[in-house]
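Report on the structure
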Amino acid sequence: MGAAAVLVVTAGVFAASVRGSRPAAVTRAQFVAGTPEAGAPVRLDTTVYLPAKTPAPAVLLAHGFGGSKADLDSQARSLARHGYVVLAYTARGFGRSGGLIHLDAPSYEVADASRLVSYLATMPQVRQDSPGNPRVGVAGSSYGGGLSLLLSAYDQRVDAVGADITWNDLTQALFPNAAGGQPGVFKKLWAGQLFASAAGQPRASDQGGACGRFAPNVCAAYQRAASTGEPNTALLALLMASSPAGVLNRITAPTLLSQGEQDSLFPLDQVAANATGIAANGTPVKVIWRSGGHDGGTSTSEVVQYLQDWFDPVLLKQGRADLAFDVTVPGSGISSATGRAVSQTLRVDRGYTQGRTRPVAVGGPAQTIYAPAGGSPAAVTSVPGLGSLLNTAASLTGSPGLAAIPGQVARFASQPLPGRLLVAGTSTVRLSVTARAATDATLFASVHHLAADGTDTLPAGLVAPIRLTGLTPGVPRTVTVSLPAVVRNVPAGDRLVLQVSTTDLAYRLQNAPNSYTVALAAPTVAVATVDGRIVRTGAPWLWLVAGLAAIGLLILGALVAGMRHRRRRRRTVHPELSQVPVAVENLVKEYGDGYRAVDDVTFRVERGQVVGLLGPNGAGKTTTLRVLMGLIRPTSGTVHVFGELIEAGAPVLSRIGSFIEGPGLLPHLTGRDNLRLFWAATGRPARDAQFDTALEISGLGESVDRKVKTFSQGMRQRLAIAQAMLGLPELLVLDEPTNGLDPLQIAEMREVLRRYAATGRTVVISSHLLAEVEQTCSHVVVMHNGRLVAVGSVADIAGAGGIQLVVKDPRQAQEILAAAGVDSQTVPARRSLEDIFIEMVGADHD
Amino acid sequence: MQLAEVQDNRFRPERTLRVRVEFVRQLRRRRTQLAALVLLVLPVIIALAFKVSSETDSSGGGGGGPGRPGGPALVNLATTGATNFALFTEFAAVGFLLVVIVALFCGDTVASEASWASLRYLLAIPVPRARLLRQKLIVALSLSFGANLLLPAWAYLVGGAFFGWAPGQSPLGGTFTTGAALQRLLIVVAYTCVQSLLVAALAFLLSVLTDAPLGAVGGATMLVVVSNILDSITALDPYRRFLPTHFQYSWLDALGQNIIWDDMMRGTGLILVYSAVFFALAWWRFQEKDILS
């Protein structure tokens, strides 16, 4: 029953949590006019999610490249439930929206978004700051994040921005160069995949061919770059226009920038440029380095949480904006939920900062590495969208594996680190590169984590491509290389290894074979790091305090209960009753189901008496004895033993030896050990126990040293009675003691009890057997159906019916009586107590 | 009415059912001896299994699949030495075996007396009811904590004998000196002891409520399993962390380079609250109860 109760509590929590989910938001899908293109109107596919309470601030949600508004559904619903009007839409060129893809061009995609802000200004459900100016935040991931930044630069009505995993400069993102300066190495795998995902968009007519729904100018520029590996001026101009880099000084809305640590498309250095540029205007900026990214996936709930935390203070005017710089440190803790290594969040309270470095000495001779003809074989470090997967495979095989091909790699290792080091951000190193024959070079630099056990990991699968031009063969050039921005916890004893290689599958490689000599220009890597504290969510102390308080209360409660108990236990003795072994007065016991087992019973037992409690099964004998032993609480009435009131644990119980409703022995112990341990449990001196007397009474002989579980019912019975007699108590209470005994043993028992009473001690036995009571007891208490029927000495009660005359020859006696004129008849001889008993209780039995 | 100066045949309530006596009563039981045997044999079996599997299958790699929390990492490190072997054994046992053993010690203690009918004779001695529970709980908790201590200590020795005494390795990378490793192991043991307090309190409450020892032991185990199942349903967030077993494995936080106390503090607090409630209910119920068994 208790188990069920606890279960109900648990189930209650479950039900409450299910009920706790708030009602779904109301949604409405419709088309909104966008910026016309080539003279034709363009319709944008939108869905509005309304919160329970309006008017409310709005959030404009934009999707990632190749997606549609459907991807935003769960995010939008969460935000709407939180109290925002959410407008999710499909960008032009995607899904059911019209138009062509211009890569977040200011005059197309950004203008579209601006029209949507105007549309929000017409909605009565949206809170308006002034006519035509809704209170609106704009958010999105990747392509949508870029749009958010650009929109807030071009449309001053935007009040807050949440840009996730997006770019600062598309040129830098697609043609990265870790040596700085001119556009670098074409990120061909990513570019190809992005182009394919958009070119494959269904469109109304089949015009466009290979370009799909790309705008012709974008398509042409891409195709030229993809075939040559070099961006031309047209593409550079186009990418520049689509990059927030040039317009960051126009952003005044508080901006949240979250970037993924598993991201080979837009790595962490992109967010660095955005944050620095926006903060330069004095605009509040928060930066989060989160787990996942384009290679590692995105947790919608995590992003929604970031957005709410950022938007609430600005849009709902709830709480204060948190400008701390949050860094997710992978593998820095172990989850108690899953037990795996998990990330923890490191918090830098003063906000986003960069530039803290720690020098780590690396060493190694100058090494010559070869670039293969045709760029094959090439190292595999990351594949779009799969980066972390490959990384996992590499870490499991315990070797750099695919990430390093012999002959193509120069390695410069550090000594084992003396202490733990958190690598966080863009580290730098100065290299000296000498081309053997060519005038330009394409190289890939990375920092590997070499664990003490030899496991080599490339953090986040990231490499930094280096493109050098204008080299003179044989003449070294010193360059400062920005290594990939990663976050990695390096335990003490592990090493960092700087690796420079000639190939990487993800990038466009040179066709001609080449060789380079790579050496360290300075023997140290300036390792970027972050100083912060691990976020303590909630207040763990509170839990501990609550726990200790609960235990404190428990102890206090126990002390108070003990004190009250002791006060109540102050021993009082009824003076008139102090010599009366048992005094039962008006005893009533009603069980929970209303059954009255004992109903107003009063009797006394005097010293030296052997009292029989007589009654059929169910008469209430055992219940009376249980109350007498303090095992159950009477409904009303009292029991006094030697003048002391009986309640649970009353010390006077120590003067009673009891045998109630069968033996209670420990089956795994011998008979002797049972008696010894029982006596040890009383805490009384062993010499008071009188084991020999008790064992003699039990009559078990040698069997007393066998385990009790091998005993017969009768043997257990006798052992239990012996246990009751340990210490020869002044009052012996035996409930049905002769059950299971054979006639000889019953006779012996009778003798034992009589002798026991003869010493001035008192015995109360209960029985349903008349003969036994009549032969054993001096006094009798007859009960029936819980009520007292008769009390008195056996002689009194048996004699109550009058005097019986017994004659030797009934026939002769009858004749004599008949001659005297007296009518007579013969009846079979009956036991007198039985007569009385049946007379008393018989009426109910009919 | 008058104050009595009755000696009651040298009877003193505070001497009844002394801890030593109760220990003898419990230690001589077959189930106590069996539990100890299981705890002693388990690390040896695990060690032998590792020994055999490393001989037949030398690759041993992979192991990244989803499974029991923390398993893969700890499994892969288990054979590096005594500390890691002890940690893995602890990890393997804490989810169920230790739960069952603690439930056995604490759930069986009162209910088995009731089922043998010896409870009423103890109360008729009379052992005061609160004292009876206290003495029984002291012994049951001592046995439970003893099991919690015996397993990792013995596993440490077995691991040392089988796999050597190499310094401990953190699943997060890095190694510990023997001293530091033992210190971490101690934290782990202390935390699992605190966690087992919940099972103890629950089983003890059920032990007071029912006369069937199996009901108390099984009931406590079942509720722990139910809590574990509910805890695996992430949709129950944020209520999940109030489930009594939610922080069961938080001792893993003691295995990193830096010990993170947050979840261990939460887990300890939560367990203390639950335990206090269960113990209070047990005492209250037992004081009121009619002993009918």
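These numbers come from a predicted model, not from an experiment. (Residues numbered from 1 in each chain as written. Chains lettered and ligands numbered in written order. Predicted model: local features only at pLDDT ≥ 70, side-chain atom pairs only at ≥ 80, totals over all residues. Heavy atoms only, no water.)

**Section: the overall build of chain B**
Here is the rule we go by: Secondary structure elements follow DSSP: runs of H or I of four or more residues count as helices, runs of E of two or more count as strands, with numbering from the N terminus. Think of it in three bands: with a 1.4 Å probe and only protein chains considered, a residue is buried below 20% of the maximum accessible area for its type, exposed above 50%, and partly exposed in between. Residue contacts are defined here by distance: any two heavy atoms, one from each residue, within 4.5 Å place the two residues in contact. Exposure was quantified through the Shrake-Rupley algorithm and a 1.4 Å probe, taking into account, for residues, occlusion by the shown protein chains and nothing else.
Counting secondary structure elements, chain B contains 10 helices and 1 strand. Reading chain B from its N terminus to its C terminus gives the helix and strand order β-α-α-α-α-α-α-α-α-α-α. Sorting the 293 residues of chain B into buried and exposed places 57% on the buried side. Within chain B, counting contacts between residues at least 6 apart in sequence, those at least 24 apart form 80% of the total. A total of about 11,300 Å² of accessible surface is found on chain B, and carbon and sulfur atoms cover 67% of it.

**Re the overall build of chain A**
A tally of regular secondary structure across chain A gives 21 helices and 36 strands. The buried share of chain A, reckoned over its 846 residues, is 54%. With an accessible surface of roughly 35,500 Å², chain A has 56% of that area assigned to carbon and sulfur atoms.

**A few points about the environment of Phe204(B)**
Residue and element names in this part refer to chain B. Note on placement: Phe204 falls in helix α8 (residues 178-209). Taking C-alpha positions, Phe204 is 7.5 Å from Phe279, a pair spaced 75 residues apart along the chain. With sequence-adjacent residues up to four places away left out, Phe204 is seen in contact with Cys106, Gly107, Thr109, Val110, Leu133, Lys136, Leu137, Phe279, Ala282 and Trp283.

**Brief notes about empty space enclosed by the protein**
All names here are of chain A. To keep things clear, this is the line we draw: Only protein atoms enter the 1 Å grid used here. Points where a 1.4 Å probe fits but cannot escape make up a cavity, open sets with protein on both sides within 12 Å along at least five of seven lines make up a pocket, and a residue lines them when an atom lies within 4 Å of a point. Grid points are joined across faces, edges and corners, and a volume is the space filled by probe spheres set on the points. When residue character is reported, Ala, Val, Leu, Ile, Met, Phe, Trp, Tyr, Cys and Pro are called nonpolar, Asp, Glu, Lys and Arg charged, and the others, Gly included, polar.
In the structure shown here, the tally under the stated rule is 14 cavities of 30 Å³ or more. The computed volume of the largest cavity comes to approximately 170 Å³. Ile656, Gly657, Phe678, Ala724 and Leu726 are, among the 17 residues lining the largest cavity, the residues nearest its centre. Of the residues assigned to the lining of the largest cavity, the class counts are 10 nonpolar, 6 polar and 1 charged.

**Quick notes on unusual backbone geometry**
Negative phi characterises most residues that are not glycine, and trans characterises most peptide bonds. All names here are of chain A. Backbone torsion omega between Thr54 and Pro55 reads -5°, so that peptide bond is classified as cis. Checked against the element boundaries, Pro55 lands in the loop between β2 (43-50) and β3 (58-62). Non-glycine residue Lys317 carries a positive phi angle of around 55°. Among the secondary structure elements, Lys317 is positioned in the loop between α10 (300-316) and β11 (325-334). For Lys317, a relative accessible area of 57% gives the class exposed.

**Examining the state of the cysteines**
All names here are of chain A. Put simply, the rule reads: Here, a disulfide means two cysteine sulfur atoms that sit within 2.5 Å of each other.
Counting across every chain of the model gives 1 disulfide over all chains. Here Cys211 connects covalently by a disulfide to Cys219, the sulfurs 1.7 Å from one another. Looking down the S-S bond of the Cys211 and Cys219 bridge, the torsion is -80°, so its handedness is left-handed. In this structure Cys211 comes out as buried when scored by relative accessible area, which is 15%. In this structure Cys219 comes out as buried when scored by relative accessible area, which is 0%.

**Examining the sheet that holds strand β36 (residues 787-793) of chain A**
Residues and elements named next belong to chain A. Put simply, the rule is: Two strands pair if DSSP finds at least two bridges between them. Under this scheme, a helix contributes an axis fitted over its contacting stretch, all axes are lines through C-alpha atoms, and angles between N-to-C directions fall in the 0 to 180 degree range.
The mixed open sheet is built from 6 strands, whose spatial order is β32-β33-β34-β29-β35-β36. Of all strands in the sheet, those bounded by a partner on one side alone are β32 (656-659) and β36. Strand after strand, the sheet turns through a mean of 15° between neighbouring axes, direction not considered. Across 6 bridges, the pairing between strand β35 (residues 779-784) and β36 is antiparallel. The residue bridging His784 from the neighbouring strand is Arg787, located in β36. Lying on the sheet, helix α13 (residues 621-628) is in contact with β29 (610-614), β32, β33 (731-735), β34 (762-767) and β35; it crosses β33 at an angle near 145°. Against the sheet, helix α16 (residues 713-725) contacts β32 and β33, and its axis sits at roughly 165° relative to β32.

**Some remarks on the packing of aromatic side chains**
This is how the line gets drawn: Pairing of aromatic side chains here covers Phe, Tyr and the six-membered ring of Trp, requires ring centres within 6.5 Å, and sorts the geometry by plane angle: under 30 degrees stacked, over 60 edge-to-face, intermediate tilted. Charge-over-ring contacts are defined here by two conditions on Lys NZ or Arg CZ: a distance within 6 Å of the ring centre and an angle within 35 degrees of the ring normal.
Overall, the coordinates contain 25 aromatic pairs over all chains when judged by the stated rule. Here Tyr84(A) and Phe311(A) contribute two aromatic rings whose centre-to-centre distance is 6.4 Å and whose plane-to-plane angle is 75°, an arrangement assigned as edge-to-face. With Tyr84(A) in the loop between α2 (73-82) and β4 (85-89) and Phe311(A) in helix α10, this residue pair connects regions lying 227 residues apart in the sequence. Ring centres 6.5 Å apart and planes at 75° place the aromatic pair Phe50(B) and Phe85(B) in the edge-to-face group. Of this pair, Phe50(B) sits in helix α2 (residues 30-56) while Phe85(B) sits in helix α4 (residues 82-94), and the two are 35 residues apart along the sequence. In this structure, Phe50(B) and Phe85(B) share a single accessibility class: buried. These aromatic residues form a ring-pair network of at least three members: Phe65(A), Phe94(A), Tyr143(A), Phe195(A), Phe214(A) and Tyr222(A). The ring of Phe642(A) has Arg655(A) sitting right over it, with the charged end atom 4.2 Å from the ring centre. We note Arg676(A) situated over the ring of Phe691(A); from NZ or CZ to the ring centre the distance is 5.1 Å.

**Side note on the pattern of salt bridges**
Put simply, the rule reads: By salt bridge we mean one thing: a side-chain nitrogen of Lys or Arg within 4 Å of a carboxyl oxygen of Asp or Glu.
Across all of its chains, the model carries 36 salt bridges over all chains by this definition. The shortest N-O distance in the salt bridge between Arg347(A) and Asp349(A) comes to 3.4 Å. Residue classification places Asp349(A) among the partly exposed residues on the basis of a relative accessible area of 45%. Residues Asp108(B) and Arg29(B) are paired through a salt bridge, measuring 2.5 Å at the closest nitrogen-oxygen approach.

**Quick notes on the side chain of Thr171(A)**
Residues and elements named next belong to chain A. By the element assignment, Thr171 lies in helix α5 (residues 170-174). Assessed through its relative accessible area of 10%, Thr171 is described here as buried. Among all residues touching Thr171, those that are not within four sequence positions of it are Pro176, Pro183, Leu236 and Leu239.

**Here we look at the nonpolar core**
Generally speaking, a soluble globular protein has its nonpolar side chains buried in company with each other. Rules: Residues grouped as a nonpolar core are buried Ala, Val, Leu, Ile, Met, Phe, Trp, Tyr and Cys residues, joined through side-chain atoms within 4.5 Å.
By size, the foremost hydrophobic cluster in this structure holds 125 residues, and its most contacted members are Val641(A) and Phe286(B). Once residues within four sequence positions are removed from consideration, Val641(A) is found in contact with Val580(A), Pro581(A), Leu628(A), Ile646(A), Val652(A), Ile656(A) and Leu731(A). Formed by 54 residues, the second largest nonpolar core is a distinct cluster that contains Leu50(A), Tyr119(A), Val136(A) and Val285(A).

**Description of helix α4 (residues 143-154) of chain A**
Residues and elements named next belong to chain A. Test applied: For a helix, the expected span equals 1.5 Å multiplied by the residue count minus one.
Given a rise of 1.5 Å per residue, 12 residues ought to cover 16 Å, and the 16 Å separating the end C-alpha atoms of α4 matches this to within 8%. Judged by how many residues are buried, α4 sits mostly within the fold: 11 of 12 residues are covered. Looking at α4, one finds that the buried residues are Tyr143, Gly144, Gly145, Gly146, Leu147, Ser148, Leu149, Leu150, Leu151, Ser152 and Ala153.

**Considering the confidence of the model for chain A**
All names here are of chain A. To keep things clear, this is the line we draw: What pLDDT conveys is the predictor's confidence in a given residue, as a value from 0 to 100.
Of all residues in chain A, 89% attain a pLDDT of 70 or more, and the chain-wide mean is 85. Low pLDDT (under 50) marks residues 1-22, which in the prediction has 18 contacts with non-local residues, meaning those over four places away or in another chain. Ignoring residues within four places in sequence, the model shows residues 394-399, a span with pLDDT below 50, making 11 contacts including any to other chains.

**Quick notes on the packing of helix α6 (residues 188-199) of chain A against helix α7 (residues 216-228) of chain A**
Residues and elements named next belong to chain A. Spelled out, the test is: Comment on the angle field: the value is read as roughly parallel under 35 degrees, roughly antiparallel over 145, roughly perpendicular from 65 to 115, and oblique elsewhere. Definitions for this section: a left-handed crossing has its near helix turned counterclockwise from the far helix by less than a right angle. A right-handed crossing has that turn clockwise.
Orientation of α6 relative to α7, taken along the N-to-C sense of each, is 150°, at an axis distance of 12 Å. Between α6 and α7, the interaxial angle falls into the category roughly antiparallel. Both α6 and α7 take part in a crossing whose hand is left-handed. Only Cys219, Tyr222 and Gln223 of α7 make contact with α6, whose side of the interface consists of Ala191, Gly192 and Phe195. By residue class, the composition of the contact of α6 with α7 is 4 nonpolar, 2 polar and no charged.

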